[in-house]
Amino acid sequence: MSDVGGKELRIIGFLCNWCSYGGADAAGVGRFSQPTDLRIIRMPCTGRVDPLFVLKALVSGADGVLVSGCHPRDCHYSEGNYYARRRLEVLKRLLPMLGIHEDRFHYTWVSASEGARWQQVVTRFTERIHELGPMDSLDPELAVCAIRELGGENGQADQPAPASGE
Amino acid sequence: MSQLTELKEAIRKALPDLDLVLGWREGYDALHAPPYHIRRQEDLEHLVFGPMCVNNLASQLMHLRGKKVGIIVKGCDARSVVELLQEKIVNRESLVIFAMPCKGVLDVKKIRRALDIDHAREVHFHNGTIEITSGDKTSSVELKDVLADKCLRCHYPNATEYDHFIGEPVEPRVSAEEAAADPAMEELAGMDLTERFAFWKTHMNRCLRCYACRNSCPLCFCRDVCLADSRDPHWQSQETSVREKWMFQMIHAMHLAGRCTQCGECERACPVGIPILLLKKHLNAVVKDLFNYEAGIDPTATPPLFTFKVEEENIKEIEL
């Protein structure tokens, strides 16, 4: 789902309060220029990021989701990001099975002092989402198209498929 | 002594110390055996065991917390029980497990496709075939053609955790490698992303949001409130759109990641036949690959998403 102007895509960022949010702030204070597609949601810790937040965002119209927290061994709560790492890795490997390109989701670690690294992460991730293009919509009427794509009801298997996650 | 007599005898002895025993009874026809609560000695006469005992009785354990319960399990059901024990949902001391070696359960949908039967009056099993009497005609079919898919690739026909094991353990039908090779999974893996996306959209479009998959699952039991029913936070709207239905299956799959024992109840319970077990099979393969873990085998193990390692061997940090 693209933005009103048509140039921007919707990217959701779940950032931990202690490291990556600080890192994003440092990038702002340092006046590093960044793409503006990212909408940031501040979390207490990446351990708070339920993988379902990411899935909910993707099915609700986000074109990409970024999760960023403290580097391993640096978690403010000691071990939140260790749990997050396991969950998010499982999630990342689930996405292709759902037909969603795994590159639409990325998790990484950025500390509060790494403003320059934050700029790099945002820029590269936004570029990648732009390469993938907007996410397929899940509007109900499109399900009917999907049935046709599979050659279901009317056997129109040769119909061009709408731009997908690939 | 037949297996059933032996089972009844074991239950007869244990029943005085128990509130109830979960088993199966004869159904409205010979192909169905609904779940059954045995509370008194005389209830035992209705108890049956065989390939028509499809239900995973472990689904009821969550609702019987605080009671002293006996449960009859097949190999796959026992894995669900083990998972419940691992998560401390049920207490081992208040549970008596009667394990039955299992040679597979029937898939009634397959029988209906293979044979033109109405009301199955009698069912007999003779080495490798099933003979069904419906009305006044008797027809037969190879058992392997009408067993549930999960049974054809079953690697755990014998319970790993039990108090009473009835009869002799049976040989697993396939090796662990063969169990992992699944034609339906391979078909899905062979699709490209567009096709897979369309595959799920098509299937999810048929979903009725009846939640039979959730209700039949022995491990899908958010204790306070299910996300699908919660109004605050409002995870799911009441719309019948593909988005909402698919989102629910994502919730179901993610909540079972690293916990699902692949008993197949979700898919069996689905009234419109959506292959939702595929998502769980895939996640199980992911969990096996990442953490070398299989759910429901070792009661003392911790499910992989309930724990962590400081250095993960199989998770590589990916730079953009």
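Residues numbered from 1 in each chain as written. Chains lettered and ligands numbered in written order. Predicted model: local features only at pLDDT ≥ 70, side-chain atom pairs only at ≥ 80, totals over all residues.

(A) Layout of the interface of chain B and chain A. Residue-level contacts link 34 residues of chain B with 39 residues of chain A. Looking at the side of chain B that touches chain A residue by residue, the class counts come to 24 nonpolar, five polar and five charged. (Contact = placed C-beta atoms within 7 Å. Nonpolar A, V, L, I, M, F, W, Y, C, P; charged D, E, K, R; others polar.)

(B) Inspection of the sheet that holds strand S7 (residues 129-134) of chain B at higher detail. Residues and elements named next belong to chain B. Read across the sheet, three strands follow the order S6-S7-S8 without closing on themselves; strand pairing throughout is antiparallel. The strands lining the two open edges of the sheet, one partner per strand, are strand S6 (120-126) and strand S8 (137-142). Taken pair by pair, the neighbouring strands of this sheet meet at an average axis angle of 20°, ignoring direction. Of the pairings in the sheet, the one linking S7 to S8 comprises six bridges and is antiparallel in character. Each bridged residue has a counterpart across the sheet, and for Ile130 the counterpart in S8 is Val141. (Pairing = 2+ DSSP bridges. Helix = DSSP H or I, 4+ residues; strand = E, 2+ residues; numbered from the N terminus. Axes fitted to C-alpha atoms, helices over the stretch in contact; angles between N-to-C directions.)

(C) Fine view of the domain arrangement of chain B. Residues and elements named next belong to chain B. By domain assignment, chain B separates into domain 1 (1-105 + 154-178), domain 2 (108-146) and domain 3 (182-320). For domain 1 and domain 3, the distance between their C-alpha centroids amounts to 25 Å. Of the residues in the side of domain 1 that touches domain 3, the class split is seven nonpolar, five polar and four charged. (Domains from an automatic or database assignment.)

(D) Seen up close, helix H1 (residues 3-14) of chain B. Residue and element names in this part refer to chain B. Between the first and last C-alpha of H1 there are 17 Å, a value that for 12 residues agrees with the 16 Å anticipated at 1.5 Å per step. For H1, every residue scored as buried is listed here: Leu7, Lys8 and Ile11. For H1, the buried positions fall inside an angular range of 100° around the axis, keeping them on one side. H1 presents Thr5 and Lys13 as exposed residues on the side facing more than 90 degrees away from its buried surface. (Expected span 1.5 Å × (residues − 1). Buried ≥ 20, exposed ≤ 12 C-beta atoms within 10 Å, placed from the backbone. Arc of directions from axis to C-beta.)

(E) Structural detail: the sheet that holds strand S3 (residues 64-69) of chain A. Residues and elements named next belong to chain A. Overall, parallel pairing links the four strands, which are arranged S2-S1-S3-S4 in an open sheet. Each edge of the sheet is formed by a strand with only one pairing partner; in this case those strands are strand S2 (38-43) and strand S4 (105-109). Each strand axis lies, on average, 20° off the axis of its neighbour in the sheet, ignoring direction. When strand S1 (residues 11-16) meets S3, the two strands line up parallel, connected through five bridges. In the strand pairing of S3, Gly13 is matched with Leu66. Docked against the sheet, helix H2 (residues 51-59) engages S1, S3 and S4, running at close to 155° with respect to S3. This element, helix H3 (residues 80-98), spans S3 and S4 of the sheet and lies at about 160° to S4.

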